[in-house]
Amino acid sequence: MSNGSSPALQSNSGGDIRDRLIIGLDVPSVEEARSIVSRIGDAATFYKIGYQLGYAGGIEFARELIGQGKKVFLDLKLHDIGNTVEAGVRSIARMGVTFLTVHAYPQTMRGAVAGKAGSDLKILAVTVLTSYDDSDLVDAGYAPVPAAELVAKRAEQARDIGIDGIVCAATEAQRVRSIIGRNRLIVTPGIRPAGADAGDQKRIVTPAEGIRLGANHLVVGRPIVKADDPRAAAEAIVQEIAAA
Ligand code: C5P
C-alpha cells in the first residue's frame, strides 16, 4: 500500500521502496515499540515482531499496527505437526499479517501453505538457523551434512511445496535465488549501514550490498531502534535501498 510517498520512493515496478525495509521491533514492551513506531512515522511501512515483543503483548500490537496501515512480519518461526501449524497459520492469516516465518520442515511447510490459503499472507521459511554450523547439526542428531547443503535442500523443498520466500543471510542469497527462482522472496537480516556497530552479527553487509545480492526485503533492527534518531536512520537506509 502506498500512503502518499513521494515519486522518489516509488520502485521501478511501482511499489513503495519503503516496503523493502523491515524494521525489527526487538524491544521488551509494547510501550517502547509504540514510541519507536511513532517517532519513525511515515519513514517506514513494515515492522517485524519476534519472540521478545510477541510474547509481551506484541500480537495485539501487530493488530494495532495493521489498523494504522503498517505491514507486519510475525517472526514466530512456527514448527509443530502439520495439522497444528495449519490451524495456527489460519488464525494468523485472519489478522492481516503480511509475512510469517516457519521452520523449513516439509510437514510444517505443507501445513503453513494450507493454512494461508485464500489470504494475502506470505510464508517465509527459515532453512537452517544461521547460528548453526556443521558441528551443531551433528550435535542435534543429524548425520554429518554441511549446513550449506542442508540450506540448499530445504530451499528446494520450500519451492516445491509452494512457500513464498526464504529468510537467509545476504551471503547465501545468490545460491538461494538460483534455487527458488525470481518469483519468490528473499528476506535478509544481518544488515549494517557502513560504520554501524555489528553487535553479535557476523556476516554483515550494507543495505546496498544486500539489495545487489538479490534481497527483496532487508530486516534491520538495532541500527534503527537503538539510534538516537530512528526516523533519520530509517530514512537513510530507504535512500540507500532506492539508490541501489
Ligand atoms: O538488530 P539486528 O539488525 O541484528 O536484528 C536482526 C533481526 O533479524 C533480529 O530480529 C534477529 O532475530 C533476526 N534474524 C537474524 N538472523 C537470522 C534470522 C533472524 O538476525 N538468521
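In this convention, every chain numbers its residues from 1, walking through the sequence in written order. Totals for whole chains, interfaces and linings use all residues, but because this is a predicted model, local features are given only for residues with pLDDT of at least 70 and pairs of side-chain atoms are given and counted only at 80 or more. As a convention, hydrogens and water are excluded, and side-chain values are obtained from all of the structure's heavy atoms.

Colleague: Would you mind going over the overall build of the protein chain with me for this structure?
Modeller: Numbering of helices and strands runs from the N terminus; a helix is a DSSP stretch of H or I covering at least four residues, while a strand is a stretch of E covering at least two. Check the secondary structure of the protein chain and you find 10 helices and 8 strands. To get the radius of gyration, use the C-alpha atoms; to get the globule rule, take the number of residues to the power 0.38 and multiply by 2.2 Å. Taken over the C-alpha trace, the protein chain has a radius of gyration of 17 Å; the compact-globule value for 244 residues is 18 Å, and the two agree within 12%. With the principal axes as the frame, the protein chain shows a C-alpha extent of 50 × 35 × 35 Å. Working definition: with a 1.4 Å probe on protein chains only, accessible area under 20% of the residue-type maximum means buried, over 50% means exposed, and in between means partly exposed. Here the protein chain holds 244 residues, and 48% of them are scored as buried. Taking all contacts inside the protein chain whose residues are at least 6 apart in sequence as the whole, residues at least 24 apart take part in 62%. With 28 positive and 28 negative side-chain charges, the protein chain shows a spacing of 5 Å between the two charge centroids. In this description, contact between two residues means that some pair of their heavy atoms is separated by no more than 4.5 Å. Lys and Arg are tallied as positive, Asp and Glu as negative. Neither His nor the chain termini are counted. Where a charge sits is defined by one atom per residue type, namely NZ (Lys), CZ (Arg), CG (Asp) or CD (Glu).

Colleague: What is the right way to look at the site of the ligand in this model?
Modeller: Being near a molecule or strand, for a residue, means having at least one of its heavy atoms within 4 Å of it. In the vicinity of the ligand, the residues found are Asp 26, Lys 48, Thr 130, Pro 189, Arg 192, Gln 201, Val 219, Val 220, Gly 221, Arg 222 and Pro 223. Throughout this description, a polar contact denotes any pair of N or O atoms lying within 3.5 Å of each other; where both atoms belong to protein, one of them has to be capable of donating a hydrogen while the other can accept it, and for residues adjacent in sequence the pair is counted only when both atoms sit in side chains. In the environment of the ligand, an oxygen atom lies 2.7 Å from a nitrogen or oxygen atom belonging to the backbone of Arg 222. Within the complex, the protein chains bury 80% of what would otherwise be the 470 Å² of accessible surface of the ligand. Within the residue set of the shell around the ligand, elements represented by two or more residues are strand 8 (217-220) and helix 9 (222-225). Grouping the amino acids of the shell around the ligand by side-chain chemistry returns 4 nonpolar, 3 polar and 4 charged. Only the protein chains shown count as cover for residues, with accessible areas throughout obtained via the Shrake-Rupley method and a probe of 1.4 Å. Following the grouping adopted for this structure description, the nonpolar residues are Ala, Val, Leu, Ile, Met, Phe, Trp, Tyr, Cys and Pro, the charged ones are Asp, Glu, Lys and Arg, and the polar ones are all others, Gly among them.

Colleague: Is there a simple way to explain helix 7 (residues 170-180) in this structure?
Modeller: Given 3.6 residues to a turn, an α-helix orients residues that are three or four positions apart in the same direction. Where helix 7 is concerned, the buried positions are Ala 170, Glu 172, Ala 173, Val 176, Arg 177, Ile 179 and Ile 180. One face of helix 7 carries all of its buried residues, which in axial projection span an arc of 155°. Of the exposed residues in helix 7, the ones pointing more than 90 degrees away from its buried face are Gln 174 and Ser 178. Downstream of helix 7 by a residue or two, Gly 181 has a phi angle that is positive, lying close to 85°. Directions drawn from the helix axis to the C-beta atoms are what define this arc.

Colleague: Would you explain the nonpolar core in this entry?
Modeller: We call a set of buried residues a nonpolar core when its members are Ala, Val, Leu, Ile, Met, Phe, Trp, Tyr or Cys and they connect through side-chain atoms within 4.5 Å of each other. Core analysis: the largest hydrophobic core is formed by 67 residues, its most contacted members being Leu 25 and Leu 74. Ranked by the residues each element gives to this core, the list is headed by helix 6 (residues 147-161), at 7 residues. Discounting chain neighbours no more than four positions away, the residues touching Leu 25 are Ala 33, Ile 36, Val 37, Tyr 47, Lys 48, Ile 49, Leu 53, Phe 61, Leu 65 and Val 225. With 10 residues, the next largest nonpolar core counts Ile 22, Leu 124, Val 167 and Val 219 among its residues.

Colleague: Could you clarify how one ought to interpret the environment of Leu 78 in this entry?
Modeller: Tracing the chain through its elements places Leu 78 in strand 3 (residues 71-78). Residue Leu 78 is classed as partly exposed on the basis of its relative accessible area of 21%. Sequence separation between Leu 78 and Val 89 is 11 residues, and the spatial gap between their C-alpha atoms is 8.9 Å.

Colleague: Just checking my understanding: could you explain the pairing of strand 1 (residues 21-24) for this structure?
Modeller: Two faces make up the sheet, and in a regular strand the side chains alternate between them. Here strand 1 shows a buried face lined by Leu 21 and Ile 23 and a second buried face lined by Ile 22 and Gly 24. Looking at chain direction, strand 1 and strand 8 are connected through 3 bridges and run parallel. Looking at the pairing, Leu 21 lines up with Leu 218 of strand 8. We call a crossover right-handed when, viewed with both strands directed away from the observer, the connection leading from the first strand over the helix to the second proceeds clockwise. With helix 1 (residues 30-40) bridging strand 1 and the parallel strand 2 (residues 46-49), this β-α-β connection has right-handed handedness. The pairing criterion for strands is at least two bridges between them, as found by DSSP.

Colleague: Help me understand the packing of aromatic side chains in this model?
Modeller: Each aromatic ring pair is characterised by the separation of its centres together with the angle its planes make. Each aromatic pair joins two rings of Phe, Tyr and Trp (for Trp, the six-membered one) with centres within 6.5 Å, and gets the label stacked for planes under 30 degrees apart, edge-to-face for over 60, and tilted for any other angle. Applying the stated rule across the entire model yields 3 aromatic pairs. Aromatic side chains Tyr 51 and Tyr 55 sit 6.0 Å apart centroid to centroid with 50° between the ring planes, which places their arrangement in the tilted category. Of the two residues, Tyr 51 and Tyr 55 are both situated in helix 2 (residues 51-67); the distance of 4 residues between them amounts to about one turn of the helix. Using a relative accessible area of 69% as the deciding quantity, one classes Tyr 55 as exposed. Ring centres of Phe 73 and Phe 99 lie 5.9 Å apart, and the angle between their planes is 75°; on these two criteria the pair is classed as edge-to-face.

Colleague: What exactly am I supposed to notice about the packing of helix 6 against helix 7 here?
Modeller: Packed helices, taken two at a time, are described by their axes: the angle between them and the distance between them. Contact pair helix 6 / helix 7: the axes reach a minimum separation of 9 Å and the direction vectors enclose 35°. In this structure, helix 6 meets helix 7 at a crossing whose hand is right-handed. On the side of helix 6, the interface is formed by Ala 148, Val 151, Ala 152, Ala 155, Glu 156 and Arg 159, while helix 7 contributes Glu 172, Arg 175, Val 176, Ile 179 and Ile 180. Each residue belonging to the contact of helix 6 with helix 7 can be placed in one class, and the counts come to 7 nonpolar, no polar and 4 charged. Angles run from 0 to 180 degrees between N-to-C directions of axes, and those axes are lines fitted to C-alpha atoms, restricted for helices to the stretch in contact. We call a crossing left-handed when the near helix sits turned anticlockwise from the far one by less than a right angle, and right-handed when that turn is clockwise.

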